[in-house]
Structures are given as C-alpha cells and as structure tokens.
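Descriptive analysis of the structure
Residues per chain are reported as follows:
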Amino acid sequence: MDRLRRLRQNKLTRELVRKVDLKSSSFIQPLFVVEGLRDRETIPGLPGVFRETPETLLHQVEADIERGVHKFLLFGVPQEKNESPTNFDFAQNQIQKLKQTFRDKVLLFTDVCLCSYTSHGHCGVIERTPNSYTEEHLHNDKTLELLSKAAVEYAQAGSDGVAPSDMMDGRIADIRGSLDKAGFENTLIMSYAAKFHSRFYGPFRNAADSTPKSHGLKDRSTYQIDPTNPQDAWLSASRDANEGADILMVKPGLPYLDILSKLSQRIEKPWAVYEVSGEYAAIELLAREKLISAPHAHSEVWTSFIRAGASTVISYGARFAKDWIRIWEDSQ
Ligand code: PBG
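How each quantity is defined
Residues numbered from 1 in each chain as written. Predicted model: local features only at pLDDT ≥ 70, side-chain atom pairs only at ≥ 80, totals over all residues. Heavy atoms only, no water. Buried < 20%, exposed > 50% of the residue type's maximum accessible area, 1.4 Å probe, protein only. Helix = DSSP H or I, 4+ residues; strand = E, 2+ residues; numbered from the N terminus. Arc of directions from axis to C-beta. Contact = heavy atoms within 4.5 Å. Near = heavy atom within 4 Å. Polar contact = N/O pair within 3.5 Å; in protein donor to acceptor, adjacent residues only side chain to side chain. Areas by Shrake-Rupley, 256 points an atom, 1.4 Å probe, with all protein chains shown as cover. Phe/Tyr/Trp six-rings, centres within 6.5 Å; stacked < 30°, edge-to-face > 60°. Lys NZ or Arg CZ within 6 Å of the ring centre and 35° of its normal. Patch = residues over 30% accessible without salt bridge, like charges linked within 9 Å, V, L, I, M, F, W, Y side chains within 5 Å. Salt bridge = Lys/Arg side-chain N within 4 Å of Asp/Glu carboxyl O. Lys, Arg positive; Asp, Glu negative; His and termini not counted. Charge placed at Lys NZ, Arg CZ, Asp CG, Glu CD. Axes fitted to C-alpha atoms, helices over the stretch in contact; angles between N-to-C directions. Parallel < 35°, antiparallel > 145°, perpendicular 65-115°, else oblique. Nonpolar A, V, L, I, M, F, W, Y, C, P; charged D, E, K, R; others polar.

Here the focus is helix 5 (residues 171–181). Along helix 5, the residues that are buried comprise R171, I172, I175, R176 and L179. Buried residues of helix 5, viewed axially, fall in a sector of 125°; they line one side. Taken together, the buried residues of helix 5 touch strand 5 (107–112), helix 4 (140–157), strand 8 (161–164), strand 9 (188–195) and helix 7 (230–242).

Now the structure itself:
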C-alpha cells in the first residue's frame, strides 16, 4: 500500500517535506493617508488598518518598522476632487515626508490612479460627448497624461515604485517612458495587470473615498477585466510585461487563484497578488463571529497565493503577518 500518511505522522516530518515557504518579508502593507482629517479613522471591515492623517501616518510606519515591516503601498486621498485632476501635491508631500524620515528602511510603492481624485469616483477622465446615445466612457489617452504626471511626481518625491491600478490601455509604456525621460529609470513599476471588475472592493472604496458616483457610467466594467474572461487577463498581463512592468499583479486573490497559477507559469516575471479589502474583511468577520481563527485562516489563504506562484502578497494584514504565520506554523 502506498502509505502517504507516513510523511504526515508528526510535526518534524511534515516540516521536513514542506514545499511552500510563507515568510513575512514577502508582504506589502497598504497605507491610506487622507487630507483634512483631524484624527485617524478606523475602516469598517479592516481592523488594524486606518485612514491616517499625515502625522499618524509617520507614527504608524515607525511602529511598523519596529515590528519588521518595511514594504508599503501608499494611497493618497486628497480633499479636493474634480473632473480632471492635475494636482497630486498631497500624495507627493506624504511620500517626501516618509522617505525623508525613513529613507532606505522603507520600500515605498505609490498607487497611481485617479479614483480618489475625481469628483465622479472613476479611475480616469470622463469623455463627455454631446448628443451621444451611448454610455459615458473614460477617455483613455487623456487619462494617460495625468497618470504619467502623477507617476513622475511620486518618483520625484522619492517613491521607490509606482503601482498603476487604473486599467487604461498603454499606461505601462506611457509611465515607463515618462519616468525614464525624467531620469527615473530605476523607479519600479508594479502593474495591476490582471485586475478584475470585482465586487470585493467595498471596504477599500470607503477608505479611499473612491466609489463611482457618475450617473452616466455606473461602475468600472468598461475598464476592469470581466470575471468570466481569463483570456483578457492573459492579454493584459502579457502586454504590461512587454511594456516594461517589473512586477505583475493579480487582483483580487482568492477568487482568481486559477489566473495567478496559470499566468505566473506563462509569464516569467515576479507576480504579486492583492488580497483585496473584501476578501480580507470576510475572514475578519468570520473570526469576529468566532467561527474561525484569524491568524490560521489568513496564513492558510496566504499559503495558497505562494503555492499558486506569487512572490509578493499585498495584504491589509501585512503588519501582523510575522506573528500570525508563527502562530499558524506552531500549530501545524
Ligand atoms: C483603485 C483601486 C482599487 C483597489 C486598489 N486600487 C479599487 C477599485 O478599483 O475600485 C482595491 C483594493 C481593495 O479592495 O483592497 N483603482
């Protein structure tokens, strides 16, 4: 009889034959910083994550560094919104302060998108065609100009990388070209390459103040990838790789594990996975109801990401990853 249970019989044997190594150094912690806030605010669904003020942001990052967390993805949320935003000063100032204070102790990526900046909450500039009978659309190439402007300004402020999450066509080439022209050829691009039109972004949109509110264009289905269309994710990711993305991303994580698994085999680039707000919150809610143990459940899900081919995990629990992984491993 082929006795597979022989290798499962005790902890040391199981440890010896493990294939997937879950380690906290693979994690990136998202940060929200909001202009005009008096005190930092909790985010429904994401305990331990806050809408930070510029002051509390620095304290939080200092505390994170003390716990051994050094990699971050910053979302700047400005107070002023308009139709076609050109002012990225708020995020730029936060980047500058973070990098001046913590220098090479932090690896800082900054999200590049317009949804926290626009009055209508969409990720780009809305094309208003008078007398048109079709739905409103985002103007791809006008949006590119603004995204590239933001990316260069973030790089100037010291951001180590930019992470475009808008899903316009051609943005990686445009941003790469603009960064290089401005002398930032070492600035990393982590592309939200396989970003799906998901219903799991709810808690994030409250945190980033980025819910779409235009009547003409009700959701993000004209620019994010349809959940039923894996081919589109492949085309998007291979194009972004060719346009010069350094790291490719699948987002959300768990519902798109098949995509991560296939694409990471087909495209030999580092792959990141974004465990989005709704996925993270689902586990937290189960834990709050005492139906599950959060450290164990999170670690199990994170293991699935690494097993499926990710080298990087963006998770709201990054700042707890070291402790939770230890708890989980001790109990395995
Ligand atoms: C903005 C953006 C979104 C997320 C990251 N960048 C939301 C969206 O596309 O509406 C989602 C992250 C999360 O839910 O945790 N384009």
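Right, picking up where we left off after that structure.
It is worth spelling out the site of the ligand at this point. If you check the shell around the ligand, you find 19 residues, and the closest are K195, R205, K251, S277 and Y316. Take K195: an N or O atom from its side chain is 2.8 Å from an oxygen atom of the ligand. Between the ligand and the protein, one listed contact pairs an oxygen atom with a side-chain N or O atom of S277 at 2.7 Å. Alone, the ligand offers 400 Å² of accessible surface; in the complex the protein occludes 100% of this. Elements represented by at least two residues in the shell around the ligand include exactly strand 9 and helix 6 (202–208).

Let us now look at the packing of aromatic side chains. With the rule as written, the count across this model stands at 13 aromatic pairs. Plain terms: the ring middles of F32 and Y316 are 6.2 Å apart, the flat faces sit at 10° to each other, and that makes the pair stacked. Taken together, the residues F32 in strand 1 (residues 27–34) and Y316 in the loop between strand 12 (312–314) and helix 11 (321–331) connect sequence positions 284 residues apart. Note on F32: relative accessible area 0%, which makes it buried. Pairing F196 with Y256 gives two aromatic rings, centres 4.0 Å apart and planes at 15°, and the pair type is stacked. Of this pair, F196 sits in the loop between strand 9 and helix 6 while Y256 sits in the loop between strand 10 (247–251) and helix 8 (257–266); the two residues are 60 residues apart in sequence, bridging distant segments of the chain. The residues F196 and Y256 share a single accessibility class, namely buried. Its end group placed over the ring of Y274, K251 keeps NZ or CZ at 5.1 Å from the ring centre.

Turning next to a positive patch on the surface. Taken together, R3, R5, R6 and R8 make up a surface patch of like positive charges. Counting through the fold element by element, R6 comes out in the segment before helix 1 (11–16).

On the surface, L7, L16 and V17 cluster together to form a nonpolar patch covering roughly 310 Å² of accessible area. With respect to the element layout, V17 can be found in the loop between helix 1 and strand 1. In this structure V17 comes out as partly exposed when scored by relative accessible area, which is 40%.

With that out of the way, let us pick up unusual backbone geometry. Cis geometry is adopted by the peptide bond preceding P252, which originates at K251 and carries an omega value of -10°. By secondary structure assignment, the location of P252 is in the loop between strand 10 and helix 8. Even without glycine at this site, R103 takes up a positive phi of about 45°. The residue R103 is located in the loop between helix 3 (89–102) and strand 5 in this model. One non-glycine residue, K290, adopts positive backbone phi at about 60°. For K290, the position within the fold is in the loop between helix 9 (277–288) and helix 10 (294–307).

Take the packing of helix 10 against helix 11 next. Packing of helix 10 against helix 11 leaves a shortest axis separation of 8 Å and a crossing angle of 95°. With respect to each other, helix 10 and helix 11 are oriented roughly perpendicular. Each of P295, H296, H298, S299, E300, W302 and T303 in helix 10 lies in contact with helix 11, whose residues at this interface are A321, W324, I325, I327, W328 and S331. Taken together, the residues of the contact of helix 10 with helix 11 break down into seven nonpolar, five polar and one charged.

Turning our attention to the pattern of salt bridges. Here the structure, examined in full by the defined rule, presents 15 salt bridges. With a closest N to O distance of 2.8 Å, K99 and D160 form a salt bridge. With a gap of 61 residues between them, K99 in helix 3 and D160 in the loop between helix 4 and strand 8 connect regions that are remote in the sequence. Since its relative accessible area comes to 22%, D160 is described here as partly exposed. Where D323 meets R326, a salt bridge forms, and the shortest distance between an N and an O atom there is 3.3 Å. Of this pair, D323 and R326 both sit in helix 11, three residues apart, which is roughly one turn of that helix. In this structure D323 comes out as partly exposed when scored by relative accessible area, which is 31%. Exposure remark for R326: the relative accessible area of 46% places this residue in the partly exposed category. Through salt bridges that share partners, D166, D169, R171, R239 and D240 make up one connected network.

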